[in-house]
Amino acid sequence: MTALTGTRHLVRLILRRDRVLLPIWILLLAVLPASYASAYAELYPTAAERAAYLAGTASNPSIVALLGPVYGDSIGALTVQRAGLLALIAALVSVLTVVRHTRTEEEAGRRELLGATVLGRYAGLTAALLVTYTANVLLGLLAAGGLIAAGLPGAGSVLFGAGVALTGVAFATVGGLAAQLTEGAGGARGIGLGALGLAFVLRLAGDAGGSGGTGGDAEWLSWLSPLGWSARSRAYADQRPWVLLLPVLFSVVVALVAYPVAVRRDLGAGVFPSRLGPAAAAGLAGPFGLAWRLHRTQLLGWTVGFGLLGLVLGGAADAAGEAVRGNQQVADILSRLGGSSALAEAYLGGTLSLTAPAAAGYGIQAALRARAEETAGLAEPLLATAVSRTRWLAAHLVFALLGPAVVLSVAGLATGLAYGLSVSDVGGELPRLLGAGLAQVPAAWVLSGLAALLVGWLPRFSAAAWAALAGCLLLGQLGAVLGLDQWALNVSPFTHTPQVLSENWQVAPLAALTATAAALLIGAVATFRTRDIPTP
């Protein structure tokens, strides 16, 4: 028996458990770069149009901070910048996947059962990392293949795909280290996502203050961030493949720390000891107080993140309109997307609509927390008391509804503040963009309601709510590019959200989405009251 004994069997177990989610996120992310390349080729067919777009985009710090630097005006270079958030998403999924198959398994007691068999001490961490590494490599290969199929040069496509894959690998290793540091999966996720947030802030500050990646005074900050290395390999420009050695070395160093810690710590324990709770259970007098304590940290983190995102989007709005004003085809498309004849307002409407799926992700996460409490054995003791099933479930569903409303309101307020300052009209823009943010809430509620219904009706398949969100994202990103019929696009609730920045918008779609969400929530409570707890 060695320290890696049983790794192959654990890999098979992880692949079986993630046989649905893993292919979905790989394929969803892999098709995006090729769709962006096709869109740029259609919207900017001439070098002059691409040069004008490049000048407007690279000169604005907010756009560069959000998407990353751009090196050149070729279709490939523009695609790399547009897909700049792809590496961030791959990193996020990688952290969550590794924590789920390491610390979450340990916290649930399944790791101890497996450890009682012929299983090496390195097997659990190694299996989780191998699966996540392989998923990222497949993502990189598929993304590169899609770009080559779209007619882009092979060398730049492979370099871009490798950059995305190695970014995911680096943060998968961060997730493996985070899983060794705390006793709870929530704490491990917090450390991993905190490291990802720090890397994003460093990249944002370095790119915004670094003259678009052309060597400004603050660009050194981007070199400190693993999220900044992929862009600085400069695919489709003066390519620098040696830069991708940085995420490889980073992963090796982090792994050399994680593995010794995994062996030396006690099973179920972490490097950081758990804090003692308060002597009195203040604020925990009922299920709503308990739910507030469980959800408050996530709600605060999402709110701060959406506020910062809104500031970036609002600061970039005026320049985005100027960057595309000379291209009538782009202007027409943005106007349809944002529902306004003004290009800046079209940009604002379109980008705010992209925040709704992210807010829906928070709503799904909050609704599924009830299922997590149930599977951890924490719901049954509470329900054995005077607490009713309806009150217990409703306490979690309040945050599944309140959370998206709060974060989208903050995004609208922050966007309105930043854009209002840029056009010297805070009083006029703030309420308009707050309304635009709130208009996205009912669509996010539909996904929250779907997740709640799965918890109440089909709890074993409650994770399918994430697949539904992925499908909505796929329809939104690729529906128009693939020429899908309108009925197919209408499957997504986000298709029905009116653009309230337009003068001629109707409240009926919002009422219909809200009614749909309410029906789903009623169904969730009704089915939860009649099923067994816990469900195997």
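Here we summarise the structure given alongside this text.

Reading the values: the criteria
- Residues numbered from 1 in each chain as written.
- Predicted model: local features only at pLDDT ≥ 70, side-chain atom pairs only at ≥ 80, totals over all residues.
- Heavy atoms only, no water.
- Helix = DSSP H or I, 4+ residues; strand = E, 2+ residues; numbered from the N terminus.
- Buried < 20%, exposed > 50% of the residue type's maximum accessible area, 1.4 Å probe, protein only.
- Contact = heavy atoms within 4.5 Å.
- Areas by Shrake-Rupley, 256 points an atom, 1.4 Å probe, with all protein chains shown as cover.
- Axes fitted to C-alpha atoms, helices over the stretch in contact; angles between N-to-C directions.
- Parallel < 35°, antiparallel > 145°, perpendicular 65-115°, else oblique.
- Left-handed = near helix turned anticlockwise from the far one by under 90°.
- Nonpolar A, V, L, I, M, F, W, Y, C, P; charged D, E, K, R; others polar.
- Core = buried A, V, L, I, M, F, W, Y, C linked by side-chain atoms within 4.5 Å.
- Patch = residues over 30% accessible without salt bridge, like charges linked within 9 Å, V, L, I, M, F, W, Y side chains within 5 Å.
- Salt bridge = Lys/Arg side-chain N within 4 Å of Asp/Glu carboxyl O.
- Expected span 1.5 Å × (residues − 1).
- Arc of directions from axis to C-beta.

What follows covers the overall build of the chain. Scanning the chain from N- to C-terminus turns up 24 helices and zero strands. Per-residue burial over the chain gives 51% buried out of 536 residues. Of the contacts made within the chain by residues no fewer than 6 positions apart, 77% connect residues no fewer than 24 positions apart. Accessible surface, the chain: about 23500 Å² in total, of which carbon and sulfur atoms supply 67%.

Moving on to the packing of helix H1 (residues 7-17) against helix H9 (residues 123-149). Packing of H1 against H9 leaves a shortest axis separation of 9 Å and a crossing angle of 50 degrees. Between H1 and H9, the interaxial angle falls into the category oblique. Crossing geometry of H1 relative to H9 is assigned as right-handed. Every residue of H9 that contacts H1 at Thr7, Leu10, Val11, Ile14 and Leu15 is listed here: Ala123, Gly124, Thr126, Ala127, Ala128, Leu130 and Val131. Of the residues assigned to the contact of H1 with H9, the class counts are nine nonpolar, three polar and no charged.

Counting residues in each nonpolar core, the largest one holds 50 residues, and the members touching the most others are Trp25, Leu139 and Phe160. For this core, the elements supplying multiple residues, two or more each, are H1, helix H2 (21-43), helix H3 (47-58), helix H5 (75-82), helix H6 (84-101), H9, helix H10 (154-181) and helix H14 (245-264). Ranked by residues supplied to this core, first place goes to H2 with 10 residues. Setting aside chain neighbours within four positions, we find Leu139 in contact with Trp25, Ile26, Leu29, Ala30, Ala90 and Val164. Judged by nonpolar contacts, the second largest core, of 39 residues, contains Ala379, Trp392, Leu453 and Leu469.

So, on to a nonpolar patch on the surface. A surface patch of nonpolar side chains, about 560 Å² in accessible area, is lined by Leu300, Val304, Leu308, Leu311, Leu417 and Leu421. Only helix H15 (287-324) and helix H19 (389-423) provide two or more residues apiece to the nonpolar patch. For the nonpolar patch, the element with the highest residue contribution is H15, accounting for four residues. Structurally, Leu311 can be placed in helix H15.

The end-to-end C-alpha distance of helix H20 (residues 426-438) is 18 Å, a good match for the 18 Å that 13 residues give at a rise of 1.5 Å each. Glu429, Leu433, Ala436 and Gly437 are the residues of H20 that are buried. Angular distribution of buried residues about the axis of H20 spans 95 degrees; they occupy a single face of the element.

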